[in-house]
Amino acid sequence: MKSNRTVETIGNSQNRIAQGTTITGDITSKAGFRVDGEVIGTLKTPDKVVIGKDGKVEGTLECANADIEGTFSGNLNVDGLLSLKSSAVIDGDVVTNKLSVEPGATFNASCSMKNGVKSLDNGKKGKSA
C-alpha cells in the first residue's frame, strides 16, 4: 500500500474524510477537503479545507483557505483566510495571510502573518527645518 497518493479531480469536487475514518500518510489533491475523521500526515491542496467539529489533523496542512471547528496539531500554512470557530483547538506553527478567531477557540500556536505589516511612513523621509 502506498503512503503517498495523488488524487486528481475535475470541477468543484470536494473530498470528504468521514467520521470514524483515519488516514495515515501524505495526501495531495487539486480539490478541497472536508475532514470529519482523522488525518495523520501531510494534506496539501490549492483549495479550501474544512475540519469539522469531530475532525482532527496531525501533521502538516497546506491550503488556500481553512475553516477549523475541530482539532489541528502541527504545521499549518494557509495562503488566504484561516477561520477558527469557537470549538477549534490549534497547537503548533501557523503561517497565514488573514486570521479570524471566534471567542472560545483555543489557539496555542506561534503565528506568522504573510505580507507583513505595511510601513507607516509610506516611503516619506523626514525633513529637517
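Treat the numbers as computed from the prediction; the structure is a model and nothing was measured.

Draft legend 1. A look at the nonpolar core. Core analysis: the largest hydrophobic core is formed by 22 residues, its most contacted members being Leu-61, Ile-68, Phe-72, Leu-76 and Leu-82. Looking at this core, the elements with two or more residues in it are β4 (32-35), β5 (38-44), β6 (48-51), β7 (56-63), β8 (65-68), β9 (71-84) and β10 (89-101). Counting residues per element, this core draws most heavily on β9, which supplies five residues. Beyond its immediate chain neighbours, meaning those up to four positions away, Leu-76 contacts Leu-61, Ile-68, Leu-82, Asp-93, Val-94 and Val-95.

Draft legend 2. Just the side chain of Ser-83, in detail. Assignment of secondary structure puts Ser-83 in strand β9. Here Ser-83 falls in the buried class, since its relative accessible area comes to 8%. In contact with Ser-83, not counting residues within four places along its chain, are Ala-66, Asp-67, Ile-68 and Ser-100.

Draft legend 3. Representation of the pairing of β7 in the model. Pairing geometry for β5 and β7, over seven bridges, is parallel. The partner of Glu-38 across the bridge, within β7, is Lys-56.

Draft legend 4. Highlighting the environment of Thr-24. Mapped onto the elements of the fold, Thr-24 is located in strand β3 (residues 22-29). The exposure class of Thr-24 is exposed, given its relative accessible area of 58%. Sequence spacing of Thr-24 and Gly-41 is 17 residues, and the spatial spacing of their C-alpha atoms is 5.8 Å.

Draft legend 5. Broad picture of the pattern of salt bridges. All chains considered together, the criterion is met by five salt bridges. For Arg-34, the salt bridge identified is with Asp-36, shortest N-O distance 3.0 Å. Judged by relative accessible area, which is 9%, Asp-36 ranks as buried. Here Asp-79 makes a salt bridge to Lys-114, at a shortest N to O gap of 2.6 Å. One end of the pair, Asp-79, is in strand β9; the other, Lys-114, is in the segment after β11 (106-113), and 35 residues separate them in sequence. One salt-bridge network, in which partners are shared between bridges, spans Arg-16, Arg-34 and Asp-36.

Draft legend 6. Structural detail: a nonpolar patch on the surface. Nonpolar side chains collect at one region of the surface, where Leu-99, Val-101 and Met-113 lie side by side and expose about 230 Å² of accessible area between them. Within the secondary structure, Leu-99 sits in strand β10.

Draft legend 7. Region of interest: the side chain of Asp-36. Note that Asp-36 resides in the loop between β4 and β5. Among the polar contacts made by the side chain of Asp-36, one reaches the side chain of Arg-16 at a distance of 2.8 Å. Once residues within four sequence positions are removed from consideration, Asp-36 is found in contact with Arg-16, Ile-17, Ala-18, Gln-19, Gly-52, Asp-54 and Gly-55.

Draft legend 8. Fine view of the pairing of β4. Relative to β4, strand β2 (residues 14-17) runs parallel, the two being bridged by four bridges. Among the inter-strand pairings, Ile-17 is bridged to a residue of β4, identified as Val-35. By the bridge criterion, three bridges tie β4 to β6 in an arrangement that is parallel. Residue Phe-33 lies in a different strand from β6, and its bridge partner there is Val-49.

Rules of the game
- Residues numbered from 1 in each chain as written.
- Predicted model: local features only at pLDDT ≥ 70, side-chain atom pairs only at ≥ 80, totals over all residues.
- Heavy atoms only, no water.
- Core = buried A, V, L, I, M, F, W, Y, C linked by side-chain atoms within 4.5 Å.
- Buried < 20%, exposed > 50% of the residue type's maximum accessible area, 1.4 Å probe, protein only.
- Helix = DSSP H or I, 4+ residues; strand = E, 2+ residues; numbered from the N terminus.
- Contact = heavy atoms within 4.5 Å.
- Pairing = 2+ DSSP bridges.
- Salt bridge = Lys/Arg side-chain N within 4 Å of Asp/Glu carboxyl O.
- Patch = residues over 30% accessible without salt bridge, like charges linked within 9 Å, V, L, I, M, F, W, Y side chains within 5 Å.
- Areas by Shrake-Rupley, 256 points an atom, 1.4 Å probe, with all protein chains shown as cover.
- Polar contact = N/O pair within 3.5 Å; in protein donor to acceptor, adjacent residues only side chain to side chain.

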